[in-house]
Amino acid sequence: QPPSKIDLIKNQYAIYSIIETIKTYPFYFLELISKRFVWFVLRARPYYSDIHNAFLYTTTIGAYLFFFIGVFTKSNKLEIKIILLMFILLTTLAVILTKADWDSRFSLPILPFIFLFTSSGIFTFLKKIKKLIY
């Protein structure tokens, strides 16, 4: 629930409105951006069915597990990794600060890059399993 006497802060520039909201309602702002972050990252919504959300949790958490393996895998293409990670980070920050992202359309630009890291993580994981077996 929003604060009981919330004043909608309107300014010509959105960044000033965001900064003013942070100063005026810091705990409410933290609550909002944390919920937006979870909705954005897990792609689940409170109005989706339980089965749909369970499917999203399973596939997304699995993809992110291999994403982190792919990110921390040693590579000689460090500059490309940094550029892609900065794009993912800045897009995520822009979305959680500006939109609730109710239909996941704002996650579409970063999903291919997340899946690139995920595929690298899966490949690294399978190589390690192969070394253990043979």
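Preceding this paragraph is the structure being described.
How each quantity is defined
- Residues numbered from 1 in each chain as written.
- Predicted model: local features only at pLDDT ≥ 70, side-chain atom pairs only at ≥ 80, totals over all residues.
- Heavy atoms only, no water.
- Helix = DSSP H or I, 4+ residues; strand = E, 2+ residues; numbered from the N terminus.
- Patch = residues over 30% accessible without salt bridge, like charges linked within 9 Å, V, L, I, M, F, W, Y side chains within 5 Å.
- Areas by Shrake-Rupley, 256 points an atom, 1.4 Å probe, with all protein chains shown as cover.
- Salt bridge = Lys/Arg side-chain N within 4 Å of Asp/Glu carboxyl O.
- Buried < 20%, exposed > 50% of the residue type's maximum accessible area, 1.4 Å probe, protein only.
- Axes fitted to C-alpha atoms, helices over the stretch in contact; angles between N-to-C directions.
- Contact = heavy atoms within 4.5 Å.
- Nonpolar A, V, L, I, M, F, W, Y, C, P; charged D, E, K, R; others polar.
- Core = buried A, V, L, I, M, F, W, Y, C linked by side-chain atoms within 4.5 Å.

Caption draft 1: Spatial organisation of unusual backbone geometry. Phi at R43 takes a positive value of approximately 65°, unusual for a residue other than glycine. As for its position among the elements, R43 is in the loop between α2 (26–42) and α3 (50–71).

Caption draft 2: The arrangement of a nonpolar patch on the surface in detail. Together, L78, I82, M86, L89, L90, L93 and L97 give the surface a local cluster of nonpolar side chains, amounting to about 610 Å² of exposed area. The topology assignment puts M86 in helix α4 (residues 78–98). Take M86: its relative accessible area is 39%, and that puts it in the partly exposed class.

Caption draft 3: Expanded view of the packing of α3 against α4. Interaxial distance between α3 and α4 falls to 12 Å at its minimum, and their mutual angle equals 140°. Residues F67, G70 and V71 of α3 form the contact with α4, whose own contacting residues are K81, L85 and I88. A per-class count over the contact of α3 with α4 returns 4 nonpolar, 1 polar and 1 charged.

Caption draft 4: Region of the structure containing the nonpolar core. One finds F40, V41, Y64, F67, V71, L84, I88, V95, I110, L111, I114 and F117 forming the largest nonpolar core, which totals 12 residues. Among the secondary structure elements, those contributing two or more residues to this core are α2, α3, α4 and α5 (111–133).

Caption draft 5: The pattern of salt bridges, seen in detail. Tallied over the full model, the rule gives 2 salt bridges. The shortest N-O distance in the salt bridge between E20 and K23 comes to 3.8 Å. In this pair, E20 and K23 are both assigned in helix α1 (residues 14–24), 3 residues apart and thus about one turn of the helix distant. Since its relative accessible area comes to 59%, K23 is described here as exposed. Here K35 and E31 are joined by a salt bridge, their closest N and O atoms 3.2 Å apart.

Caption draft 6: Structural context of the environment of I110. Assignment of secondary structure puts I110 in the loop between α4 and α5. Put simply, I110 and L84 are 26 residues apart on the chain and 8.8 Å apart in space, counted from C-alpha to C-alpha. Sequence-distant contacts of I110, that is, excluding residues within four places in its chain, are made with F40, F87, I88, T91 and T92.

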